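Listed below are the residues making up each chain.
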Amino acid sequence: LNQQVYDHVIGTISGKTGYIRNSLLGNRLNFSSRCVVIPLPPKTEMDEVHLPYLCALELLKLHIIRYLVKAFRLSYDEANMKWNRATTVFDRQIYRVINNIISDMPYGMRILINRNPTINIGSILSVRVTHIKDDIEDTTMSISNNILPSLGADYDGDVVNIFLLINRFQIEYFEPMNPKKLYSISCNDGKFNAMLEKDYMLGIHTLIE
């Protein structure tokens, strides 16, 4: 009987559906997003990213609604309905609101990006959002070639998770995960890997174009 009770308790708290992982470690996060990654344009820094319009809408939902209420004297219901419409039809006014919100942020818009599985240093990175795309059909996020090894990603349809850092404490806490402060170490041989080869190829392609 004691063994049966022991097995039942261990089974309840262990595994993917167990209490520890499901309730304590595996919580849902609001205002997060997922995007397929593509290369950044030339002359951008390795900690910069360009977010799609729909992703920014989701991450900044409460910021946008609050801005609409204060700036345009809408009710919260009206502001929420306007936000909802903007998720299906591109709204130029909402796009300007997003950029105004970002420009008013003391540290700019900072996010965490992560590609599963999170098994090595660099799987989670703190980066800066420096541009919001104005094409509602474009749901890709542009990132630097230099952070691909850390994420274990490539430009072949790989998806990353995105989480908004909402205050100074979070931004400072995760600043050590800024890719500029991390060395890219190869998981295969332990050697330094700056991925310069892809930068050279991108530069040559740009010159030829």
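Just above, that's the structure.
For clarity, every value in this text was computed on a predicted model and none was experimentally measured.

Q: Can you lay out the packing of aromatic side chains for me, pointing to particular residues and giving the numbers?
A: Summed over the entire model, instances satisfying the criterion amount to 4 aromatic pairs. Note on Tyr53 and Phe90: the rings are 4.7 Å apart at their centroids and 55° apart in plane angle, and the pair reads as tilted. One end of the pair, Tyr53, is in helix H3 (residues 53-59); the other, Phe90, is in the loop between helix H5 (76-86) and helix H6 (92-104), and 37 residues separate them in sequence. In this structure Tyr53 comes out as buried when scored by relative accessible area, which is 0%. Judged by relative accessible area, Phe90 falls into the partly exposed class, the value being 23%.

Q: Before we move on, could you go through the layout of surface pockets and cite the residues and values that matter?
A: Counted as a void, the second largest pocket has a volume near 390 Å³. In terms of lining residues, the second largest pocket is bounded by 19 residues, among which His63, Ile101, Asp104, Met105 and Pro106 are the most central. Elements that contribute at least two residues to the lining of the second largest pocket include exactly helix H4 (61-72), H6, strand E3 (109-114) and helix H8 (168-174). Examining the composition of the lining of the second largest pocket, we find that 6 residues originate from one element, H4, more than from any other. For the lining of the second largest pocket, a count of residues per class yields 11 nonpolar, 3 polar and 5 charged.

Q: So, the nonpolar core: which residues are in play, and what are the values?
A: Leu51, Ile64, Ile98, Met109, Ile111, Met141 and Ile162 are the most contacted members of the largest nonpolar core, which has 41 residues in total. Counting residues per element, this core draws most heavily on H6, at 6 residues. The contacts of Leu51, once residues within four sequence positions are left out, are Leu59, Met109, Ile111, Val129, His131, Ile132, Lys133, Met141 and Ile162.

Parameters and conventions
Residues numbered from 1 in each chain as written. Predicted model: local features only at pLDDT ≥ 70, side-chain atom pairs only at ≥ 80, totals over all residues. Heavy atoms only, no water. Phe/Tyr/Trp six-rings, centres within 6.5 Å; stacked < 30°, edge-to-face > 60°. Helix = DSSP H or I, 4+ residues; strand = E, 2+ residues; numbered from the N terminus. Buried < 20%, exposed > 50% of the residue type's maximum accessible area, 1.4 Å probe, protein only. 1 Å grid on protein atoms, 1.4 Å probe; cavity = no way out; pocket = protein on both sides within 12 Å on 5 of 7 lines; lining within 4 Å. Points joined across faces, edges and corners; volume = space filled by probe spheres on them. Nonpolar A, V, L, I, M, F, W, Y, C, P; charged D, E, K, R; others polar. Core = buried A, V, L, I, M, F, W, Y, C linked by side-chain atoms within 4.5 Å. Contact = heavy atoms within 4.5 Å.

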